Amino acid sequence: MSILTRNRGAMLLLMLNIFLAFMGIGLVVPVLPKFISELGMNGSSMGLMVAAFALTQLLLSPLSGKLSDRYGRKKLIVSGMFIFMLSELVFGLASSVPTLFVARIMGGVGAALLTPSIMAYVADVTSFEERGKGMGMINAAINTGFIIGPGIGGLLAAYGIRIPFFAAAGAAGIAAILSLLVLPESLSKEKQQYNRELPREKENLLQQFAKSYQSPYFMGLLIVFVVAFGLANFETVFGLFVDHKYGFTPMDIAIIITTGSILGAVVQATIFGWIINRFGEKKVIHLCLAIGGLFIFLTLFAEQYVMIMLTTFIIFLAMDILRPAVSTSLSRQAGDEQGFVAGMNSSYTSLGNVIGPLVAGLLFDVHINMPYMVAAVALFACLVLSLRSKHAGKRHSTSLAAEQHRGG
């Protein structure tokens, strides 16, 4: 039976939920300028509002992951969609800047409940061999939501600046109800009870980050952060970069970003599973880190439109393959900690999404090339660390085997 249709179409419902959530995030892009004008917001307020979403998701994702281990994935997925629906509704009705902040914070809460639980659900219902394909489908849905969101927001805004948010709220509500009625729980009641009876460690976010640092999957989480940081760094100033340096029009920029994103999503949804099974996560991760870093650096020298489009496409493609490859690797290492690891995955992503744009903006004011130089260096440094940790692991295994042999 196809991975999409088994368990009453669970994977399709998961993809619909995550697609609608990230489409709603993208809806804000084309209407923000009018909101700024209508509510008297300045650029700093807008930047803080965008960061508030990622920061909320960062703070709550680890807790969400643990809750999904103890009480099941479905409860958190449905709750996350309902909260996301309310956040879009509040945003559409907002008449003041503080209300917009409340709406985006609510959106961050919804995303924090939703994303780790969906990732853990995929790990629950897929076999070891199917894991890469399942993660690729979820990430393709995320990317497609990001791609389509701004376009739909722009089209619906023609009927009113607030219409896109009401539409997103309605779609999220329908998805939440469908999930409540149709989506089966992936974690057995016995497993939930077992997880609830485990000794509870009262860890704050810093303690959970410290725990993840000491875990065998820390390198994977570090790559998650660097990828989110590098991509957020790249995307935040891309429009300003090509406008200031090459005089590209908004249409030029939109075509480049949309084309690259769509092609990346197609690869994720079609051949990503084959790539992972054929070459393995480690090789794919290392190759994508190298290609991503190299082509971000080459963007500084690609002066023609075709070259900018080519380098941007390759960057997006490398990142779009890299993210689910890391998620697949993490889920295979997580064992009984699927929820916790998925939560930390979301937390490290959010941390990169908070820090990346802030650093990019500051560096852009220093020099137009600085954001991309730093993003490239970060990816290359992560590649070196990953390769060194891999070799260290091999040396440790060899030494351990030698000691056991001598002991015998």
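Reading the values: the criteria
- Residues numbered from 1 in each chain as written.
- Predicted model: local features only at pLDDT ≥ 70, side-chain atom pairs only at ≥ 80, totals over all residues.
- Heavy atoms only, no water.
- Helix = DSSP H or I, 4+ residues; strand = E, 2+ residues; numbered from the N terminus.
- Buried < 20%, exposed > 50% of the residue type's maximum accessible area, 1.4 Å probe, protein only.
- Contact = heavy atoms within 4.5 Å.
- Phe/Tyr/Trp six-rings, centres within 6.5 Å; stacked < 30°, edge-to-face > 60°.
- Lys NZ or Arg CZ within 6 Å of the ring centre and 35° of its normal.
- Core = buried A, V, L, I, M, F, W, Y, C linked by side-chain atoms within 4.5 Å.
- Salt bridge = Lys/Arg side-chain N within 4 Å of Asp/Glu carboxyl O.
- Axes fitted to C-alpha atoms, helices over the stretch in contact; angles between N-to-C directions.
- Parallel < 35°, antiparallel > 145°, perpendicular 65-115°, else oblique.
- Left-handed = near helix turned anticlockwise from the far one by under 90°.
- Nonpolar A, V, L, I, M, F, W, Y, C, P; charged D, E, K, R; others polar.
- Patch = residues over 30% accessible without salt bridge, like charges linked within 9 Å, V, L, I, M, F, W, Y side chains within 5 Å.
- Areas by Shrake-Rupley, 256 points an atom, 1.4 Å probe, with all protein chains shown as cover.
- pLDDT = per-residue confidence, 0-100.
- Expected span 1.5 Å × (residues − 1).

> Please provide a residue-by-residue account of the side chain of serine 68, values included.
By the element assignment, serine 68 lies in helix 2 (residues 43-71). On the accessibility criterion, serine 68 (0% relative accessible area) is buried. Not counting chain neighbours up to four residues away, the residues in contact with serine 68 comprise Arg73, Leu76, Ser117, Leu187 and Gly339.

> Tell me about the packing of aromatic side chains, and name the residues and values.
Counted according to the given criterion, the structure contains 5 aromatic pairs. Between tyrosine 213 and phenylalanine 218, the aromatic rings sit 5.0 Å apart at their centres with planes inclined by 75°, giving edge-to-face as the arrangement. When the ring centre of phenylalanine 279 is taken as origin, the NZ or CZ atom of arginine 278, which lies over that ring, is 5.0 Å away.

> How would you summarise the nonpolar core if you had to cite specific residues and measurements?
It is characteristic of soluble globular proteins that their nonpolar side chains tend to be buried jointly. If you look at the biggest cluster of nonpolar residues, it comprises 59 residues, and the most contacted ones within it are Ile223 and Leu322. Among the elements of the structure, helix 9 (218-246), helix 10 (250-270), helix 11 (272-279), helix 12 (281-298), helix 13 (305-334), helix 14 (338-366) and helix 15 (370-407) are those that each provide at least two residues to this core. At 17 residues, the largest contribution of residues to this core is made by helix 9. Contacts of leucine 322, omitting those with residues within four sequence positions, involve Ile223, Val227, Ile285, Cys288 and Leu289. If you look at the next biggest cluster of nonpolar residues, it comprises 33 residues, including Met119, Val122, Met135 and Leu183.

> Break down the pattern of salt bridges for me, with residues and values.
In the structure shown here, the tally under the stated rule is 2 salt bridges. In this structure, arginine 73 engages aspartate 69 in a salt bridge whose closest nitrogen and oxygen atoms are separated by 2.8 Å. For the salt bridge of aspartate 124 with arginine 73, the shortest nitrogen-to-oxygen distance reads 2.7 Å. Of this pair, aspartate 124 sits in helix 4 (residues 97-125) while arginine 73 sits in helix 3 (residues 73-93), placing them 51 residues apart in sequence. Salt bridges sharing partners connect three or more residues here, namely Asp69, Arg73 and Asp124.

> Which residues make up the packing of helix 3 against helix 6 (residues 163-182), and what values do they have?
Two elements in contact, helix 3 and helix 6, have axes whose closest approach is 8 Å; the angle formed by their N-to-C orientations is 165°. One finds that helix 3 runs roughly antiparallel with respect to helix 6. Pair helix 3 / helix 6 crosses with left-handed handedness. Between helix 3 and helix 6, the contacting residues are Lys74, Val78, Met81, Phe82, Phe84, Met85, Glu88, Leu89, Phe91, Gly92 and Leu93 on the first element and Phe165, Phe166, Ala168, Ala169, Ala172, Gly173, Ala175, Ala176, Ile177, Ser179 and Leu180 on the second. In terms of residue class, the contact of helix 3 with helix 6 is made up of 17 nonpolar, 3 polar and 2 charged.

> I'd like a description of a nonpolar patch on the surface, backed by residues and values.
A contiguous nonpolar patch, built from Leu86, Leu89, Leu93, Tyr159, Ile163 and Phe166 and spanning about 590 Å² of accessible area, is present on the exposed surface. Only helix 3 and helix 6 provide two or more residues apiece to the nonpolar patch. Among the elements that make up the nonpolar patch, the one with the highest residue count is helix 3 (3 residues). Relative to the helices and strands, phenylalanine 166 is located in helix 6.

> Which residues make up the confidence of the model for the chain, and what are the values?
Confidence in the prediction for the chain averages 78 pLDDT; 82% of positions are at 70 or higher. Under a pLDDT of 50 for its full length, residues 391-406 has, in the predicted model, 0 contacts with residues more than four places off or in other chains.

> Break down the packing of helix 3 against helix 4 for me, with residues and values.
Across the interface, helix 3 lies against helix 4 with an axial gap of 7 Å and an inter-helix angle of 155°. In terms of their interaxial angle, helix 3 and helix 4 are classed as roughly antiparallel. Of the two elements, helix 3 crosses helix 4, and the hand of that crossing is left-handed. Residues that form the contact of helix 3 with helix 4 fall into these classes: 17 nonpolar, 7 polar and 4 charged.

> Mind laying out helix 4, listing which residues take part and the relevant values?
Here helix 4 contains 29 residues, and its C-alpha end-to-end distance of 42 Å stays within 8% of the 42 Å for a straight helix at 1.5 Å per residue. Within helix 4, 21 of the 29 residues are buried, leaving the element largely enclosed by the surrounding structure.

> Residues and numbers for the environment of leucine 67, please.
Here leucine 67 shows up in helix 2. Judged by its relative accessible area of 27%, leucine 67 falls in the partly exposed class. With 128 residues separating them along the chain, leucine 67 and asparagine 195 place their C-alpha atoms 9.5 Å apart.

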